Amino acid sequence: MDQTTKPEAKKVMLSGIQPSGDLTLGSYLGAIKNWSERAEEFDCYYFMADLHSITVRQVPADLRRRTIEQLAGYIACGLDPEKNTLFIQSHVPAHAQLGWVLDCYTMFGELSRMTQFKDKSRKNAENINAGLFTYPALMAADILLYQPDYVPVGEDQKQHVEICRDVAERFNGIYGDVFKIPEPYIPKVGARVMSLSTPTNKMSKSDTDPNGCVYMMDAPEVIARKFKKAVTDSDTERCVRYAPEEKPGVSNLMSIYAACTGKDFAAIEAEFDGLGYGAFKPAVGDAVIETLRPIREEAQRLIKDKAYLESVYRAGAEKASYIAEKTLRKVYKKVGFVAR
Ligand code: TRP
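Residues numbered from 1 in each chain as written. Predicted model: local features only at pLDDT ≥ 70, side-chain atom pairs only at ≥ 80, totals over all residues. Heavy atoms only, no water.

### Here we look at the site of the ligand
Stated formally: Definition of nearness: a residue and a molecule or strand are near each other if at least one heavy atom of the residue lies within 4 Å of the molecule or strand. In protein, a polar contact means a hydrogen-donor-capable atom and an acceptor-capable atom, both N or O and within 3.5 Å, with residues adjacent in sequence counting only if both atoms are side-chain atoms; elsewhere, any N or O pair within 3.5 Å suffices. The accessible surface values rely on the Shrake-Rupley method and a 1.4 Å probe; as for residues, cover is taken only from the protein chains in view. Strands here mean DSSP runs of E at least two residues long; helices mean DSSP runs of H or I at least four residues long; both are numbered from the N terminus.
Close to the ligand lie 14 residues, the nearest being Gly16, Gln18, Tyr135, Asp142 and Gln157. A distance of 3.1 Å separates an oxygen atom of the ligand from a polar atom in the side chain of Gln18. Between the ligand and Gln157, the relevant distance is 2.9 Å, taken from a nitrogen atom to a side-chain nitrogen or oxygen of the residue. Summarising the interface, the protein chains cover 90% of the accessible area of the ligand, which totals 360 Å² for the free molecule. For the shell around the ligand, the elements supplying multiple residues, two or more each, are strand E1 (11-17) and helix H7 (130-144).

Next up, the structure:
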């Protein structure tokens, strides 16, 4: 590998997040919270996957706002733009360019088997567009451009990292070692936060029940109300005890409380022994309010500082482009395009 791209020889990590919904408590506790510490060990790239977002129809003004708010949200959560490369996918044309090349090395049959495609086609039956179908080829391009060692993703995205590996191996099989084969990286730490209203489902920014999901930018009163309404379980013991199978509602609240306070389950059970759900739910709400308060305030401050955010995404795009274009040039040469 070309050492000039990685002067510190740190392992490279890359992940993309679609700005198709506002960041949630689940995104924070489950993922972003752990990112800030990674910057020391890895060379990290995070981008707003706006190209991917338009596979589902978006309101243009909302997409633009969310892309910027997401960037502000990441920085507010502790992702230091000096130590991580933060950029907007559409600012680096190499993504779309390599995406096209990889479309030609990704098979119809492979794409047809992707569970996300099947799911999204069911949900958007009126708009099953070609981009939705070839989404994994673009995602493979996102990844392979940066030759990362690891791609941190949730369980639901593992299949996409696998198809990326398959496509990369196919390409390397024809043209020699062009792409590094990345590994999915499913972090061990990080709470899996479930919906407050349907605790058997993951907390999702597209939850149809507005009480199920806590957004990172929710005002304290809104958070308090959502936790007061949180579904607990219809068991008879009415006590705070961790039992995800029997008591998914209470157990979810316990995980959230544990993640926000650093207390373990035994300590939480002891704290609320004999107090019942009536005392527990507002306590979880308060812990979440205090956890999110500094993040929300910092994000609000950053959103007003347009010039700063602009400087961050410009610098990010410049750094990302430098690496991405190098890989793209190599690919173009390998497949037989004439150099300009
Ligand atoms: N598909 C990912 C998601 O929906 C987003 C994404 C796009 C991504 N490109 C990526 C994730 C590259 C990791 C690497 O969550």
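### Description of the pattern of salt bridges
Definition in use: Salt bridges are defined by distance alone: a side-chain nitrogen of Lys or Arg within 4 Å of a carboxyl oxygen of Asp or Glu. Accessible area is worked out with a 1.4 Å probe on protein chains only. A residue is then buried under 20% of its type maximum, exposed over 50%, and partly exposed in between.
In total, this model carries 19 salt bridges according to the counting rule given. Between Arg66 and Asp22 there is a salt bridge; the shortest N-O distance is 4.0 Å. With Arg66 in helix H3 (residues 60-76) and Asp22 in the loop between E1 and helix H1 (25-41), this residue pair connects regions lying 44 residues apart in the sequence. Owing to a relative accessible area of 12%, Arg66 belongs among the buried residues under this scheme. Here Glu237 ties to Lys247 by a salt bridge, and the two come within 2.8 Å at their closest N and O atoms. Taken together, the residues Glu237 in the loop between helix H9 (220-229) and helix H10 (248-261) and Lys247 in the loop between H9 and H10 connect sequence positions 10 residues apart. We classify Glu237 as partly exposed; its relative accessible area is 38%. Ionic contacts of the salt-bridge type, sharing partners, join the residues Asp22, Asp62, Arg65, Arg66 and Glu69 into one network.

### Some words on the domain arrangement of the chain
Selection rule: Residue ranges assigned to the domains are those given by an automatic or database domain assignment. The term buried area means the drop in 1.4 Å probe accessible area that two parts suffer when joined, counted for both and summed.
Per the domain assignment, the segments making up the chain are domain 1 (11-191 + 306-335) and domain 2 (220-300). The straight-line distance from the C-alpha centre of domain 1 to that of domain 2 is 33 Å. Summing both partners gives a buried area of about 720 Å² for domain 1 against domain 2, and 86% of it is carried by carbon and sulfur. In this structure, the connection of domain 1 to domain 2 is made through 0 salt bridges.

### Description of the packing of helix H4 (residues 94-103) against helix H13 (residues 306-335)
Two numbers describe a pair of packed helices, the interaxial angle and the distance between the axes. Short version of the rule: Axes here mean lines fitted to C-alpha atoms, for a helix over just the part in contact, with angles spanning 0 to 180 degrees between N-to-C directions. Note that the term roughly parallel is reserved for angles under 35 degrees, roughly antiparallel for angles over 145, roughly perpendicular for angles of 65 to 115, and oblique for everything else. Note on convention: the crossing is left-handed when the near helix lies turned anticlockwise from the far helix by less than a right angle, right-handed when the turn is clockwise. The contact rule is simple, with two residues in contact once any of their heavy atoms fall within 4.5 Å. Each residue gets one label: Ala, Val, Leu, Ile, Met, Phe, Trp, Tyr, Cys and Pro are nonpolar, Asp, Glu, Lys and Arg are charged, and the others, such as Gly, are polar.
The contact between H4 and H13 brings their axes to 10 Å, and the two run at 30°. By the angle class used here, H4 and H13 are roughly parallel. For H4 against H13, the interelement crossing comes out left-handed. Contacts between H4 and H13 involve Ala94, Gln97, Leu98 and Val101 from the former and Ala324, Leu328, Val331, Tyr332 and Val335 from the latter. When the residues that make up the contact of H4 with H13 are grouped by side-chain class, the tally is 8 nonpolar, 1 polar and no charged.

### With respect to H4
Applicable threshold: Here the arc refers to the directions that run from the helix axis out to each C-beta atom.
Buried residues of H4: Ala94, His95, Leu98, Gly99, Val101 and Leu102, and no others. Within H4, the buried residues cover an arc of 165° as seen down the axis, which keeps them to one side. In this structure, the buried residues of H4 make contact with helix H2 (50-53), strand E3 (84-88), H7, helix H8 (158-175) and H13.

### Description of the nonpolar core
We count it as follows: Here, nonpolar core means buried Ala, Val, Leu, Ile, Met, Phe, Trp, Tyr and Cys residues that are tied together by side-chain atoms lying within 4.5 Å of each other.
One finds Leu25, Val214, Phe227, Ile256, Phe280, Val288 and Leu292 to be the most contacted residues of the largest nonpolar core, which totals 55 residues. Residue contributions to this core peak at 11 residues, all from helix H12 (residues 276-304). Both domain 1 (11-191 + 306-335) and domain 2 (220-300) contribute no fewer than three residues apiece to this core. Once you skip the residues sitting within four places of it in the chain, Leu292 turns out to touch Leu25, Tyr28, Val214, Tyr215, Met216 and Ile223.

### Examining the packing of aromatic side chains
Using the following cut-off: Note on ring pairs: Phe, Tyr and Trp rings are taken, using the six-membered ring of Trp, and paired if centres are within 6.5 Å. Classes follow the plane angle, with under 30 degrees stacked, over 60 edge-to-face and the rest tilted.
Across all of its chains, the model carries 19 aromatic pairs by this definition. Between Phe171 and Phe179, the aromatic rings sit 5.1 Å apart at their centres with planes inclined by 50°, giving tilted as the arrangement. Cluster of aromatic residues (ring-pair linked, three or more members): Tyr45, Phe47, Phe87 and Tyr146.

### With respect to the packing of H3 against H13
Running from N to C, H3 and H13 cross one another at 90°; their axes reach a closest spacing of 11 Å. Taken as axis vectors, H3 and H13 run roughly perpendicular relative to one another. Side by side, H3 and H13 meet where Ile68, Leu71, Ala72 and Ile75 of the first sit next to Tyr308, Leu309, Val312 and Tyr313 of the second. For the contact of H3 with H13, the residue count by class is 8 nonpolar, no polar and no charged.

### What about the environment of His95?
When you line up the elements, His95 lands in helix H4. On the accessibility criterion, His95 (0% relative accessible area) is buried. Along the primary structure His95 and Leu51 are separated by 44 residues, whereas in three dimensions their C-alpha atoms are 8.8 Å apart. Those residues within four positions of His95 in sequence are excluded, and the remaining contacts are Leu51, Phe87, Gln89, Leu138, Ala141, Asp142, Leu145 and Tyr146. In terms of polar contacts, His95 uses its side chain to reach the side chain of Asp142, at 2.8 Å.

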